Amino acid sequence: MFQTALSDARSRIEDFLTDQMAPLGDDKIARGMRYATRGGKRLRGFLALESAGLFGVPVERALHAAGAVECLHAYSLVHDDLPCMDDDDLRRGQPTVHKKWDEATAVLVGDALQSFAFELLSREAAGTAEQRIALVATLAQASGAQGMVLGQAQDIAAETADRPLDLVEITELQTNKTGRLIEWPARAGAILGDADPFPLRAYAQAIGKAFQIADDVLDVEGDATTAGKALRKDADAGKATFVSLLGLDEAKAHAQTLVAEAGAALQPYGDKAQSLRDLAHYIIIRDK
């Protein structure tokens, strides 16, 4: 059931982005935008659709939030892969944007995807005027100097620090770098439903931490071909991770605890939130 729901959401989001990007034309930047948003797990977009669905928000409306967060996420990956950042050659099983084209193109593709995310949220079909303003403001906060960008800066600073980060510091870093953009689509569903965002934010904060722990576990145990990206780079660089700080078994146990916390946060929604509970479990057993 969950895999079917995830597959259906993935198809809807991909069709939506194809339609929305069609007017962009076929120059190198437009092609790069389509390339960068192709494939992937679509977990953030799925989270936006499912959280909005709790409140009866039409899929056609929620797709704007789902598409926006996927574009924002893709932009972050394009820039994260650059030589001046994490310097990766492979993403989603394909050459990274700067490898397929060049670094300047990758910078511009990322810039364009970030702008396009906010354009999608500004459209009338995305919600009421008040909802659209709230969506734009909260995504800006989640992705900017108080969120994802801050986390990336903290990650870069950690590479030249005189000591590895401790557990509190790595938790803060990953909450900003990864967690904020997982929390936002859950919050977006509540905004679109004119509902109290607290339960969904608590849920998303738990799965955001679990997601990063699972990534750290995959970096140790995963297969690069299946994952579609380079693995074991953090260990080779001597960077602190949840696995290096907690140990493999304790990290896995902590992820399970976070999944339980996420499920408890969904109690107000009853059976309607089953797909979100399934998502929490999927996050820690995925292989890519």
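Provided above is the structure to which this section pertains.
Not measured: the values here are computed from a predicted model. (Residues numbered from 1 in each chain as written. Predicted model: local features only at pLDDT ≥ 70, side-chain atom pairs only at ≥ 80, totals over all residues. Heavy atoms only, no water.)

Enquirer: Lay out the overall build of the protein chain in plain terms, naming residues and giving numbers.
Expert: Check the secondary structure of the protein chain and you find 15 helices and 2 strands. Taking 2.2 N^0.38 as the reference for a compact globule, 288 residues should give roughly 19 Å; the C-alpha atoms of the protein chain span a radius of gyration of 18 Å, in line with that estimate. Here the C-alpha coordinates of the protein chain stretch approximately 50 × 50 × 35 Å along the principal axes. For the protein chain, the proportion of its 288 residues judged to be buried stands at 49%. Split by element, the accessible area of the protein chain, about 12,900 Å² in all, is 52% carbon and sulfur. One finds the centroid of the 31 positive side-chain charges in the protein chain at a distance of 3 Å from the centroid of its 43 negative side-chain charges. (Helix = DSSP H or I, 4+ residues; strand = E, 2+ residues; numbered from the N terminus. Rg over C-alpha atoms; globule rule 2.2 N^0.38 Å. Buried < 20%, exposed > 50% of the residue type's maximum accessible area, 1.4 Å probe, protein only. Areas by Shrake-Rupley, 256 points an atom, 1.4 Å probe, with all protein chains shown as cover. Lys, Arg positive; Asp, Glu negative; His and termini not counted. Charge placed at Lys NZ, Arg CZ, Asp CG, Glu CD.)

Enquirer: Tell me about the packing of aromatic side chains, and name the residues and values.
Expert: Scanning all chains against the criterion turns up 4 aromatic pairs. Ring plane angle 50° and centroid distance 5.4 Å describe the contact between F2 and Y282, whose orientation is recorded as tilted. Separated by 280 residues along the polypeptide, F2 in helix α1 (residues 2-21) and Y282 in helix α15 (residues 274-285) bring together distant segments of the chain. Judged by relative accessible area, Y282 falls into the buried class, the value being 14%. Linked through ring pairs, F2, F46 and Y282 together constitute an aromatic cluster. Above the ring of W101, the side-chain terminus of K100 is found at 5.5 Å from the ring centroid. (Phe/Tyr/Trp six-rings, centres within 6.5 Å; stacked < 30°, edge-to-face > 60°. Lys NZ or Arg CZ within 6 Å of the ring centre and 35° of its normal.)

Enquirer: Mind laying out empty space enclosed by the protein, listing which residues take part and the relevant values?
Expert: Under the defined criterion, the tally for this structure stands at 3 cavities of 30 Å³ or more. Lining of the largest cavity is provided by 13 residues; of these, Y35, A36, R91, R92 and V97 occupy positions nearest its centre. The set of elements that each furnish at least two residues to the lining of the largest cavity consists of α2 (28-37), α4 (59-80) and β2 (94-95). Counted by class, the lining of the largest cavity contains 7 nonpolar, 2 polar and 4 charged residues. Of the pockets and cavities examined, the second largest cavity occupies roughly 50 Å³. (1 Å grid on protein atoms, 1.4 Å probe; cavity = no way out; pocket = protein on both sides within 12 Å on 5 of 7 lines; lining within 4 Å. Points joined across faces, edges and corners; volume = space filled by probe spheres on them. Nonpolar A, V, L, I, M, F, W, Y, C, P; charged D, E, K, R; others polar.)

Enquirer: Lay out unusual backbone geometry in plain terms, naming residues and giving numbers.
Expert: Phi at R92 is positive, roughly 55°, even though this residue is not glycine. Mapped onto the elements of the fold, R92 is located in the loop between β1 (90-91) and β2. Of note, D194 is a non-glycine position whose phi angle comes to about 50°, a positive value. If you trace the backbone, D194 turns up in the loop between α9 (167-192) and α10 (198-221). For D194, a relative accessible area of 64% corresponds to the exposed category.

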